[in-house]
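Observations on chain architecture
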Amino acid sequence: MKKRTIVGMSLLLMSFHSMAKSGYHRDPDLHDNQVVFTAEGDLWLHDMESAATRRLTTNLAQEQQAAFSSDGTQIAFTANYEGATEVYVIPTEGGVARRVTFENSYVYLQQWTSDGKLLYSTNTRVGPANNWSLKQVDPATLNTEEVPVADAIEGAIDEASDTLYFTQFGLQVSRDNARYYRGGAQGELWRYKLGSQTEALLLTDAHDASAREPMVTGDKLYFVSNQNGNDNLWVMSASGKNAKALRKMRISPRCEIIAA
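Let me begin by describing the structure that accompanies this report.

A word on the pattern of salt bridges. What the rule picks out here adds up to eight salt bridges. Close ionic contact of R55 with E40 constitutes a salt bridge, the shortest N to O distance being 3.5 Å. Of this pair, R55 sits in strand β4 (residues 53-55) while E40 is found in the loop between β2 (34-39) and β3 (42-47), placing the two residues 15 residues apart along the sequence. By relative accessible area, which is 34% here, R55 ends up partly exposed.

Here it is, written out as structure tokens:
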């Protein structure tokens, strides 16, 4: 399961109930009692038991989208150390980051799999502009393979069922900041059985909004949708049924985010 969005929204909600500490904390990921996040352009590790926080990186470039490996010994993230944004891996205890992708274009890190591979998306695919695809890379060997689904900019693999849940299109393709978009390029969620010859199944055909960031756990699929005018966390069954918002957010006159 991809945890960054769920953890991020939880920390966001908590921040409005506690003013003990403030800061620009982004892209959190959770493993056991540790949280990794981006602040001031670097990666930081926070231990929830001891409340100690330490800086993991000190490079001039921006590090973001951090994700723990399944055993918690490594952290993958994206950075533009050498120009284009690529995926790097660093030991959780610290050390030198190692580059594992060589796309020379936009890259979004998606998740680690239990066998130690990294799922990411990139727009290096030959074709029309903003043509995205999903790939997996083995950080140990750097062997890369493409996942056979078209125009996929986000994805989450449910390893129990060997199923990929992915996003086609969406405003994240154009990096547009529109809050309430309805049109032919709005994000759609799909399901595909890895290794099969069957076509992917559209899950959000009845959802009148742009959906993104699929996160699967058990028989539930979580995602972000702006159907209510602002981004909210939603959940549906893994088969695409009974979609509902988990938490409604609204913007106050002072531009504060308030949980309903």
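Moving on, there is more to tell.
Not every positive phi belongs to a glycine, and D151 is a case in point at roughly 55°. Note on placement: D151 falls in the loop between β12 (144-146) and β13 (152-158). Phi is positive for E213, close to 55°, though the residue is something other than glycine. You can see E213 is positioned in strand β17 (residues 211-217).

Now for the pairing of β13. Side-chain direction in a regular strand flips from residue to residue, so the side chains alternate between the two faces of the sheet. Across the seven residues that make up β13, a large majority, seven, are buried. Connecting the antiparallel pair β13 and strand β14 (residues 163-168) is a turn made up of four residues, with D162 showing a positive phi of about 55°.

With respect to the secondary-structure elements, A84 resides in the loop between β6 (74-79) and β7 (86-91). Sequence-wise, A84 and V107 are 23 residues apart; in three dimensions their C-alpha atoms are separated by 8.5 Å.

About the cut-offs
Residues numbered from 1 in each chain as written. Predicted model: local features only at pLDDT ≥ 70, side-chain atom pairs only at ≥ 80, totals over all residues. Heavy atoms only, no water. Salt bridge = Lys/Arg side-chain N within 4 Å of Asp/Glu carboxyl O. Helix = DSSP H or I, 4+ residues; strand = E, 2+ residues; numbered from the N terminus. Buried < 20%, exposed > 50% of the residue type's maximum accessible area, 1.4 Å probe, protein only. Pairing = 2+ DSSP bridges.

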